[in-house]
Each structure stands twice: as structure tokens, then as C-alpha cells.
Amino acid sequence: MNNGDKVVTLSVATSESWRDKQSGERKEKTEWNRVVIFNENLAKIAEQYLKRGSNLYVEGQLQTRKWNDQAGVEKFSTEVVLQRFRGELTLLDGAAGNGEGRQQEPAAQPSAVGNYAADLDDDIPF
């Protein structure tokens, strides 16, 4: 940000799986959710410990924003936002496999548990 504060943006996959009652076939559905972290402490944890495939618990506030793309078409995006003093990020894998790296702030809704995956077009160093 202009004031030097870090903002971390990542995508989290939330998946559910079930067995189809008629065919017995295993089915899976995956949703991708954008997460934006404005909390400096949680941003440091994310930057230091998250990598593609990390399991994490995220709790924040849903916010929808709109913008115009290059063609002038109006677009909308809903994101899970961890504000400066609200939100939670818990590394379920632990930091470097040793169970550390857990950082919490007062809880907000909604929550998502899933796998982190870096967007290919982001300039995030992890």
C-alpha cells in the first residue's frame, strides 16, 4: 500500500466430495475463493509460511467489489477480507511441519478451510 503496509492476496480452494447415490461414483466439487489480508501480522505469517497446497483455516468478512475490465465491461468479485483488526488465519499443516505459525485475531464470519494456490498473474513472492 502507499503507506508501506503489506497486503496479501491469495486464492483458496474449498472442496467437498461425496458418493453419488445412484451410480456409487465418487464426485468432487471445488470452489475458488479470493482472500485479501490487510492485517500486518497475518500478512507476515502468510508471506513466511504459506505455499501452494498449504492447508489453512481462514475466517474473515465477505466483501464484493466492482471494476471495469480493459474492454469497459463491468465485473464483480466477492472476496474474503481479513481486516486490520479482524479475521483469522490458522495454518493447519503447521509452520515447516513443526506445528508453529498459528496466528489469530478476533473472529469474523464467514470461514473457509481449503488449500492455498497462488495466482499465476500475482506479484506475491510466495
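Residues numbered from 1 in each chain as written. Predicted model: local features only at pLDDT ≥ 70, side-chain atom pairs only at ≥ 80, totals over all residues. Heavy atoms only, no water.

An unreviewed UniProt entry lists the protein under the name Single-stranded DNA-binding protein, from Kaistia terrae. The annotation that UniProt attaches to the protein under Subunit (unreviewed entry) is "Homotetramer." (UniProt positions renumbered as here; feature names shortened; annotations may be inferred.)

**Quick look at the side chain of Ser 77**
Examined against the element boundaries, Ser 77 turns out to sit in strand E5 (residues 74-82). The class for Ser 77 is buried, based on a relative accessible area of 16%. With residues near it in sequence (within four places) discarded, Ser 77 still touches Gln 63, Thr 64, Arg 65 and Trp 67. (Helix = DSSP H or I, 4+ residues; strand = E, 2+ residues; numbered from the N terminus. Buried < 20%, exposed > 50% of the residue type's maximum accessible area, 1.4 Å probe, protein only. Contact = heavy atoms within 4.5 Å.)

**Some words on the pairing of strand E2 (residues 26-37)**
Summarising the sheet, strand E1 (residues 8-19) and E2 pair through 12 bridges and their orientation is antiparallel. When the bridges of E2 are listed, Trp 18 appears paired with Lys 27. In this structure, the hairpin formed by E1 and E2 is closed by a connection of 6 residues, where Gly 24 is found at a positive phi of approximately 75°. Relative to E5, E2 runs parallel, the two sharing 4 bridges. Paired with Val 36 across the strands is Val 81, a residue of E5. (Pairing = 2+ DSSP bridges.)

**Thoughts on the nonpolar core**
Counting residues in hydrophobic clusters, the biggest one holds 16 residues, and the most contacted among them are Leu 10, Val 35, Ile 37, Val 58, Leu 82 and Leu 89. Elements that contribute at least two residues to this core include exactly E1, E2, helix H1 (40-49), strand E3 (55-59), E5 and strand E6 (88-91). If you tally residues by element for this core, the top one is H1, at 4 residues. Ignoring any residue separated from it by four or fewer positions in sequence, one finds Ile 37 in contact with Lys 6, Val 7, Val 8, Leu 10, Leu 42, Ala 43, Ala 46, Leu 82 and Leu 89. (Core = buried A, V, L, I, M, F, W, Y, C linked by side-chain atoms within 4.5 Å.)

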